[in-house]
Amino acid sequence: RKYQYHSEILRLQNQKILVGDSYPMRRLQKIIDKIRHSSHSVLIQGETGTGKELVAAQLRARRPDGTLCPFVAVDSATILQSTAESLLFGHERGSFTGADRVKKGFFEEANGGIIYFDEISNMSIDIQAKLLRALQEKEITRLGSNKTVHLDFRVVCATNQSLDCLVSKGLFKQDLYQRLNVLPVSVSPLRERKEDIPILISHFVQRL
């Protein structure tokens, strides 16, 4: 019995779940269930701290053997222009100083699953152009290689800003926005679903 108890605690700690039974949360879960097996891009909008990455993780599908498909999370703000191609598309050995081995990029790591860009609004306009081409062609070329790699991935992005406003200011590429905003999902802040607070308290007490 003691072993079973500790197994349940570990399960709760490791499980990335959405907690709440309010109308906004029930509606959100229905949307997730509806679009989980789609191949279209998803744009998750919500304030900081509303759990956008948890929503993205809920979109992971399962392989025929029951295992979860890949999920690669990328912090958009940390991708620099100088390292963008290597991080996103990978590189071949000797393609630059320090490249002592072949390395897969984020897109290859996400092949067959989801590549998730957190706070996509923080991505520079130059890197947005590289991202757009990968989305359009569903293929990448590693840095230092002439070989094209065809991939099967789904792009899920999150933002706490209005991309419409950024597009109008010239800070976000309109054609990229159109490709990302195929399936928009909105996440409500906790102040708009206060009835979930007791459920959240119970959940965290169980985890601790």
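Here the structure is a predicted model, which is why all the values come from computation and not from measurement.

This brings us to the overall build of the protein chain. Per the secondary structure count, the protein chain includes nine helices and seven strands. With the principal axes as the frame, the protein chain shows a C-alpha extent of 55 × 45 × 30 Å. Split into buried and exposed, the 208 residues of the protein chain put 41% on the buried side. Contacts in the protein chain between residues far apart in sequence, at least 24 positions, make up 72% of those at least 6 positions apart. By element, 50% of the accessible surface of the protein chain is carried by carbon and sulfur atoms, the whole surface being about 12,200 Å². In the protein chain, 30 positive and 23 negative side-chain charges are present, and the distance between their average locations comes to 5 Å.

Moving on: the pattern of salt bridges. Evaluation of the coordinates by the stated rule reveals seven salt bridges. For the salt bridge of R191 with E47, the shortest nitrogen-to-oxygen distance reads 2.5 Å. A residue pair is termed long-range when its members are at least 10 positions apart, and R191 in the loop between strand 7 (183-186) and helix 9 (197-207) and E47 in the loop between strand 1 (42-45) and helix 3 (52-58) qualify at 144 residues. When salt bridges that share partners are traced, they join E92, E108 and R142 into one network.

Further remarks concern the pairing of strand 1. The side chains of a regular strand alternate between both faces of the sheet. By the bridge criterion, four bridges tie strand 1 to strand 6 (residues 154-159) in an arrangement that is parallel. Note on strand 6: the bridge partner recorded for I44 is A158. As paired strands, strand 1 and strand 7 are joined by four bridges and run parallel to one another. Bridge pairing in strand 7 links Q45 to S186.

With 92% of its residues at a pLDDT of at least 70, the protein chain reaches an overall mean of 88. No element of the protein chain has a lower mean pLDDT than helix 1 (residues 2-14), at 43, and none a higher one than strand 1, at 98. Here residues 1-14 is a poorly scored stretch, pLDDT under 50, and it has five contacts once near neighbours within four places are set aside; other chains count.

Per the counting criterion, the structure on display carries zero disulfides. C157 forms no disulfide, and the closest cysteine sulfur to it belongs to C165, at a distance of 18 Å. For C157, a relative accessible area of 0% corresponds to the buried category. Take C165: its relative accessible area is 41%, and that puts it in the partly exposed class.

Okay, the pairing of strand 3 (residues 114-118) next. With four of its five residues buried, strand 3 lies for the most part within the structure. Note: strand 2 (residues 71-75) against strand 3, five bridges, orientation parallel. Bridge pairing in strand 3 links F71 to I114. Sheet topology note: the strand 3/strand 6 ladder contains four bridges and is parallel. Bridge pairing in strand 6 links F117 to C157.

Attention now goes to the packing of aromatic side chains. What the rule picks out here adds up to four aromatic pairs. Members of the aromatic cluster, joined through ring pairs, are F89, F107, F117 and F153. The aromatic ring of F153 is capped on one face by K138, whose charged end is 5.0 Å from the ring centroid.

Turning to a nonpolar patch on the surface, a few remarks are in order. On the surface, L190, I197, I201 and V205 cluster together into a nonpolar patch covering about 340 Å² of accessible area. Checked against the element boundaries, V205 lands in helix 9.

Calculation rules
Residues numbered from 1 in each chain as written. Predicted model: local features only at pLDDT ≥ 70, side-chain atom pairs only at ≥ 80, totals over all residues. Heavy atoms only, no water. Helix = DSSP H or I, 4+ residues; strand = E, 2+ residues; numbered from the N terminus. Buried < 20%, exposed > 50% of the residue type's maximum accessible area, 1.4 Å probe, protein only. Contact = heavy atoms within 4.5 Å. Areas by Shrake-Rupley, 256 points an atom, 1.4 Å probe, with all protein chains shown as cover. Lys, Arg positive; Asp, Glu negative; His and termini not counted. Charge placed at Lys NZ, Arg CZ, Asp CG, Glu CD. Salt bridge = Lys/Arg side-chain N within 4 Å of Asp/Glu carboxyl O. Pairing = 2+ DSSP bridges. pLDDT = per-residue confidence, 0-100. Disulfide = S-S within 2.5 Å. Phe/Tyr/Trp six-rings, centres within 6.5 Å; stacked < 30°, edge-to-face > 60°. Lys NZ or Arg CZ within 6 Å of the ring centre and 35° of its normal. Patch = residues over 30% accessible without salt bridge, like charges linked within 9 Å, V, L, I, M, F, W, Y side chains within 5 Å.

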